[in-house]
Amino acid sequence: MPQYQELPCGGQVLDIDTALKDGILGGALEAGDAAAGDAGKQPVELRKMMDELDAAGDGGGDEVVPAVFICPISLEPMVDPVTLCTGQTYERANISRWLALGHRTCPTTMQELWDDALTPNATLRQLIAAWFSRRYTRFKKRSADFHGRAADLVHGLRGTAVPRRQPLKGQARVAALRELRSLATTHQSVTKAIAEAGGVALLTSLLGPFTSHAVGSEAVAILVSGVPLDADAKAALMQPAKVSLVVDMLNEGAADTKINCVRLIRILMDEKGFRPETVASLSLLVGVMRLIRDKRHPDGVSSGLELLNSICAVHRPARSMIVSIGAVSQLVELLPELATECVEPALDILDALSAVPEGRTALKDCPRTIPNAVRLLMRVSEPCTRRALSMLWTVCRMAPEECAPAAVEAGLAAKLLLVIQSGCAPELKQKASELLKLCRLNYTDTLFISKCKLTRTIQ
Amino acid sequence: MMSVLTCVIESMGSSCSRPHSLNEAEAAENAKSADIDRRILQETKAEQHIHKLLLLGAGESGKSTIFKQIKLLFQTGFDEAELRSYTSVIHANVYQAVKILYDGAKELAQVESDSSKYVLSPDTEVLSIYIEIGEKLSEIGGRLDYPLLDKELVQDIRKLWQDPAIQETYSRGSILQLPDCAQYFMENLERLAEVDYIPTKEDVLHARVRTNGVVETQFSPLGESKRGGEVYRLYDVGGQRNERRKWIHLFEGVDAVIFCAAISEYDQMLFEDETKNRMMETKELFDWVLKQRCFEKTSFMLFLNKFDIFERKIQKVPLSVCEWFKDYQPTAPGKQEVEHAYEFVKKKFEELYFQSSKPDRVDRVFKIYRTTALDQKLVKKTFKLIDESMRRSREGS
């Protein structure tokens, strides 16, 4: 029952809180709401609240801003509503801009204005302030709830809860970690609370040679969700036993676990004290290659390629290891099917691998190198063309008699002409013409020209 | 013509009522064959829940110890009768150890330049007593049938064991074929000789018998797999060279191979061929097993075993004495060195695995576990992981 205040003049004013509570202005009823009627809230503070709610991407999805609070011009909630003589209300800044442009009509009703006055709509402002401040307090409370919940979970896992209890084990532990993970991934701010409760040390200690994958996958997921990791934490995570577990999960885990493991390794690689030998593990490289070859999970493919690329850059001896597991031919055969954004990192890797002799030999021996590289010329981007060209150059230089004809058969000549005639960098064109010269060595001019099937290439 | 024949046949039938019994016989045959079919179907279904695990590895790599641990962890363990059955084995181990040490000291005294180290006792009187004891024990140890240990024999053995020459010989144990359990039993001599001695679980785990042929056991792991009715069948084999020709009969239908490699024996020679380094033998054996055609899809669990002995040995004997590890560079001494050395050995095995596995086999599950087969808790944890891993690959496929 709405509470009506009797005014001296005999009217009735609806108490703001009640109006909100009874859902007259929309918004669900919640028990225990703090009294939101701080009618004197300044627009500046209101703006701050609105921005914070926006930034948090507040998942209180059932709460839509009531239509009457929205300025018809900007379609944003109003902070300083003013009413025109026509009775329509707008945000002061917006309507002032409208009028300053010389208009003398009401934007919504199109009526001509007989009065320039902008009357501040105090009632509406109070309502908007009250509504937002209520929503804000609820948001803050929920946040605090999440933070509190996360901290509780961490303490439960550590055994440092009040009152003192044994640290969780077994299924209870996995369930707690799972909940912590979902909190951390849906609400960014929670990660700080986790760190403050000692979560980082806990998660690191959970990773070891006897950790089950159930526990390990949740722990890694939380660690990569944005929890701040200081240098000590990263150093602890780089211990061989822990890295072994991460590599294991990279090989055998579910798709999202594999991707999280890749992310964790990248985070560790970025650290200053990172020892490159940590990634010189055949099991790791095999696992990453398996991830790259798994077409069902494109996210995995791109993150795997990025990781492999960093490894090649950071640790030169790893390159021969990568070649030894057959990565060259696997990558070459993948090239036609890769998504556009993955082609460049893949070519980067092949480029790095061709810096070692085994890599060059593997490139030459793979039958698909030439056709796939030719296909990529002028297809994706200039850096890709440069890499593909460099690969072809390497291969043709190694064994000109067998590779050059194969390249020409694959339509290389026409593509090279295209490169030369294009707007690419001069060094690229130079390389292309050198390669062209190399390829035409065994052909007479007429035969060669017939091989430059230009029309086919342009198609 | 036809009618005549039919008459004959009919009359034949009526005279000895054969069609009747023919039908009966046929029906019985059909019933039997249906019964057999049903049984085959039942057994095939049951087989799906049985997962075959094979313990492979060179001699003395710890396979049988793992086998005993499984019995202790997942079955009813050893009852008193079984424990007692190990008494003679344990006593035999003691005699064998003493004989090896005594004979070894004699040989080292002749062969080594610093021979005085290996001469028992400088005191000539004591020396003659010791020699008498030593010869007696050596003779016992050379028999096929051993007497039970008694207080007197234990006193004699203890005298020898405490002699510096024997201790010196013991420190050279890696060039003799001294079993790893020697020290443990020597330290517990008095208990072993008690009249009502019943071997403890520890004693049984340490007892050393060369496995002959194949031993099999069946067990259900704990936890989720048990609820699913999954059952593991574990096969243990002899590891010496002459036993390995029996392995091939077990290779079909194996879900996982547990390959035991004792990483502490990088400075020891084979029992069956004293010119061959044990680690090199393990390396070649692992390579051979990996390349077997029937193991294309089999999971491989590599147990780098005897880590406790490895830990101690690394401080005294560098890894590089083994040819396979000759490029090992030690770092800081102490605990870090142990970890570093272990990681090096692990990497070597990893390298070997990937070299020996053709690209089409790279998808099989391969995991390395650091184990000390004598440590029950560790073995239990390790098996929990193995069970989890096998369950994952079953669900994944």
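The structure under discussion appears in the preceding block.
Please read these numbers as outputs of a predicted model, since none were measured by experiment.

Engineer: Sorry, what's going on with the nonpolar core here?
Structural biologist: The tendency in soluble globular proteins is for nonpolar side chains to be buried side by side. Among the nonpolar cores identified, the biggest contains 153 residues, and A:L435, B:L56, B:F286, B:F310 and B:L319 are the most heavily contacted of them. Ranked by the residues each element gives to this core, the list is headed by helix α15 (residues 335–356) of chain B, at 9 residues. B:V89, B:Y130, B:F185 and B:L189 belong to the second-largest nonpolar core, a separate cluster that totals 36 residues.

Engineer: I would appreciate a short explanation of the side chain of B:N93 in the present structure.
Structural biologist: All names here are of chain B. Positionally, N93 belongs in helix α5 (residues 87–111). According to the relative accessible area criterion, N93 is buried, its value standing at 2%. Within the local environment of N93, its side chain forms a polar contact with the side chain of Q96, the two groups lying 3.3 Å apart. Setting aside residues up to four positions removed in sequence, N93 forms contacts with C181, F185, A207 and R208.

Engineer: It is not clear to me how the sheet that holds strand β5 (residues 119–120) of chain A should be interpreted in this structure. Could you clarify?
Structural biologist: Within a sheet, adjacent strands bond to each other through the backbone by hydrogen bonds, running parallel or antiparallel. Residues and elements named next belong to chain A. The 3 strands are arranged β4-β3-β5 in an open sheet whose pairing can be described as antiparallel. Both edges of this open sheet fall to β4 (89–91) and β5, since each of them pairs with a single strand only. Across 2 bridges, strand β3 (residues 81–83) lies against β5 in antiparallel orientation. Counterpart to T83 in the pairing with β5 is T119. Helix-sheet contacts for helix α3 (residues 92–100) involve β3, β4 and β5, and the interaxial angle to β4 is about 95°.

Engineer: Before we go on, may I ask you to explain the environment of A:I259 in this structure?
Structural biologist: All names here are of chain A. Within the fold, I259 resides in helix α11 (residues 255–270). Expressed as a C-alpha distance, the spacing of I259 and H315, which sit 56 residues apart in the sequence, is 21 Å. Excluding anything up to four places from it in sequence, I259 contacts D299, G300 and S303.

Engineer: Would you mind going over the sheet that holds strand β4 (residues 256–262) of chain B with me for this structure?
Structural biologist: All names here are of chain B. Strand order in this open sheet of 6 strands is β2-β3-β1-β4-β5-β6, and the pairing throughout is mixed. A single partner strand is all that each edge strand has here, and the edge strands are β2 (214–219) and β6 (366–370). With strand direction ignored, the average angle separating the axes of adjacent strands in the sheet is 20°.

Engineer: I keep staring at the pattern of salt bridges and nothing clicks. Help me out?
Structural biologist: A side chain with one charge may pair with a side chain of the opposite charge, provided their charged atoms come close. Enumeration according to the criterion identifies 35 salt bridges over all chains in this entry. For A:K295, the salt bridge goes to A:E337, with nearest N and O atoms at 3.5 Å. With A:K295 in the loop between α12 (282–293) and α13 (298–314) and A:E337 in the loop between α15 (327–334) and α16 (340–353), this pair connects stretches of sequence that are 42 residues apart. Comparing A:K295 with A:E337 shows no difference in burial state: the two are exposed. Note that B:R278 is salt-bridged to B:E60, the shortest N-O span being 3.4 Å. In this pair, B:R278 is assigned in helix α13 (residues 278–290) and B:E60 in the loop between β1 (50–57) and α3 (63–74), connecting sequence segments 218 residues apart. Of the two residues, B:R278 and B:E60, both sit in the buried class. Where salt bridges share partners, they join A:D248, A:E252, B:K367, B:E388 and B:R392 into one cluster.

Engineer: How should I be thinking about the side chain of A:N309 in this particular structure?
Structural biologist: Residues and elements named next belong to chain A. Residue position: N309 is located in helix α13. A relative accessible area of 19% places N309 in the buried class. Apart from the residues lying within four places of it in its own chain, the contact partners of N309 are P345, D348 and I349.

Cut-offs used in this document
Residues numbered from 1 in each chain as written. Chains lettered and ligands numbered in written order. Predicted model: local features only at pLDDT ≥ 70, side-chain atom pairs only at ≥ 80, totals over all residues. Heavy atoms only, no water. Core = buried A, V, L, I, M, F, W, Y, C linked by side-chain atoms within 4.5 Å. Buried < 20%, exposed > 50% of the residue type's maximum accessible area, 1.4 Å probe, protein only. Helix = DSSP H or I, 4+ residues; strand = E, 2+ residues; numbered from the N terminus. Polar contact = N/O pair within 3.5 Å; in protein donor to acceptor, adjacent residues only side chain to side chain. Contact = heavy atoms within 4.5 Å. Pairing = 2+ DSSP bridges. Axes fitted to C-alpha atoms, helices over the stretch in contact; angles between N-to-C directions. Salt bridge = Lys/Arg side-chain N within 4 Å of Asp/Glu carboxyl O.

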